[in-house]
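# Report on the structure
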Amino acid sequence: PSTASFSNATSPNAVATGLVPGVYVFRWTITNTAACPPTHDDVTITIDPSPVGGTTSSDATVCAGSNGGPIMLTGQFGTIVRWESSVDNGASWQAIANTTTTYVYSNLTQTTQYRAILHSGICPDAPSTVTTIPVDQPPIAAIAGPNDEVCSPAAYTLQGNNPAPNAGKWTMISGPSTAIFSDDTKPNAVVTGLAPGTYIFRWTISNTAACTPTTDDGTITIDKAPVGGTTTSDATVCQGSNGGPITLAGQFGNIVRWESSIDNGASWQPIASTSTSIAYANLTQTTQYRAIVHNGVCPDVPSSVTTITVDTPPIAANAGPDDEVCNAAAYTLKGNTPPAPNTGQWSMVT
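Model, not experiment: these values are computed from the prediction.

Each value, and the rule that gives it
Residues numbered from 1 in each chain as written. Predicted model: local features only at pLDDT ≥ 70, side-chain atom pairs only at ≥ 80, totals over all residues. Heavy atoms only, no water. Pairing = 2+ DSSP bridges. Helix = DSSP H or I, 4+ residues; strand = E, 2+ residues; numbered from the N terminus. Disulfide = S-S within 2.5 Å. Buried < 20%, exposed > 50% of the residue type's maximum accessible area, 1.4 Å probe, protein only. Polar contact = N/O pair within 3.5 Å; in protein donor to acceptor, adjacent residues only side chain to side chain. Contact = heavy atoms within 4.5 Å. Phe/Tyr/Trp six-rings, centres within 6.5 Å; stacked < 30°, edge-to-face > 60°. Axes fitted to C-alpha atoms, helices over the stretch in contact; angles between N-to-C directions.

### Brief notes about the sheet that holds strand β10 (residues 102-106)
An order of β5-β7-β10 is seen for the three strands of this open sheet, with the pairing classed as antiparallel. The open sheet has two edge strands, β5 (55-56) and β10, and neither has a second partner.

### Comments concerning the state of the cysteines
A complete count under the given rule lists two disulfides for this structure. The disulfide that involves Cys63 links it to Cys211, with 2.0 Å between the sulfurs. Taking the sign of the S-S torsion, 105° for the link of Cys63 and Cys211, the bridge is right-handed. Pair noted here: Cys63 is in strand β6 (residues 62-63) and Cys211 is in the loop between β20 (197-206) and β21 (214-223), with a separation of 148 residues, a long-range link. The same class applies to Cys63 as to Cys211, namely buried. Paired through a disulfide, Cys151 and Cys298 show a sulfur-sulfur distance of 1.9 Å. On the sign convention where negative is left-handed, the bridge of Cys151 and Cys298, at about 105° about the S-S bond, is right-handed. Of this pair, Cys151 sits in strand β15 (residues 148-151) while Cys298 sits in the loop between β28 (287-294) and β29 (301-302), placing them 147 residues apart in sequence.

### Some details on the side chain of Asn161
Inspection of the secondary structure assignment puts Asn161 in the loop between β16 (155-157) and β17 (167-174). Here Ala141 takes part through its backbone oxygen, which lies 2.9 Å from a polar atom of the side chain of Asn161. Among the polar contacts listed, one links the side chain of Asn161 to the side chain of Trp203, at a separation of 3.1 Å. Residue contacts for Asn161: discarding those within four places in its chain leaves Ile140, Ala141, Ala142, Ile143, Pro187, Trp203 and Ile205.

### Topic: the packing of aromatic side chains
Tallying each qualifying case throughout the model produces nine aromatic pairs. Aromatic side chains Trp170 and Trp203 sit 4.9 Å apart centroid to centroid with 35° between the ring planes, which places their arrangement in the tilted category. Taken together, the residues span a long stretch of sequence, with Trp170 in strand β17 and Trp203 in strand β20 at a distance of 33 residues. The class of Trp203 is buried, set by a relative accessible area of 0%.

### Some words on the pairing of strand β8 (residues 79-86)
Pairing of β8 with strand β11 (residues 112-119) involves seven bridges; the strand directions are antiparallel. Pairing of Ser85 across the sheet is with Tyr114, part of β11. Where β8 meets strand β9 (residues 94-96), three bridges bridge the pair, whose relative direction is antiparallel. In the sheet register, Trp83 faces β9, and the bridge partner there is Ile96.

### Here we look at the sheet that holds β15
Spatially, the four strands line up as an open sheet ordered β15-β21-β20-β17, and their pairing is mixed. Both edges of this open sheet fall to β15 and β17, since each of them pairs with a single strand only. Averaged over all pairs of adjacent strands, the angle between their axes in this sheet comes to 25°, without regard to strand direction. The sheet contact formed by β15 and β21 spans four bridges and is parallel. If you follow Cys151 over to β21, its bridge partner there is Asp223.

In structure tokens:
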């Protein structure tokens, strides 16, 4: 394939230079005299080109487990005899039975290096450049904590799991107001600015860009504290035949029962009614009434108290015996004496 130069063409051990890859045929001729024909012999020298390993694809970072992609070889010279992989940073290599210019990796669980091996003639095999596939571990599973229901708190402490060695972050997915996080990277962040209603908070744990973050949502229900409201004004009735309604207004929440007390509120007896009004009748002693209002997990609250004061009827009046007198300018009546707190008064009917 090129013109060779001999260091000394008459030396049996001449050095031929200017060689390039290809096949050369050299002839060695021995002569004596003109009377004798020379002898010669040809030798074939094949110059093999050195293999060129070429360049593999750029490095790529993947997440452990479900991953995959192609590694392509370009710029090589020679025959690809195999690919190789290493999981100890090139200290040792394992053969891969692949002789194409592309190798597809999949489901790696640890950082792995790849290279192709090129062969040409009797030259030493040459490796390609190395492609490193760093394998990041997926983040730990995010746990936002149990769903919860609380009564109108000024602040609420979230209950996410520890993200270490990964990083965590809280976000509000939905809710009746914009919540404020004390530190949205802390699993036990304190949330303020809450209003009654249902919030969904998401706890996200991430590792690297190669791995999909893990998420979990927690539902926090904020119950508004119940308002007991106001019952009808107090009233005074007479013992025995009496009655009337007591009505509740201005309450918030569900009425779970009414209650009555005959010992000025020292103890209360339940009344099975959930309406906004109850009726009393035929009371014989002073009685107090109130409603009990409930909402969510908040403590029940009572309404204001209506007191029905029951007065005792006066004793029977006795005007004395009928009488007949003669031409009297004055007469002493004989009515019975009313005991306190009763009082008596005379009036003339006819």
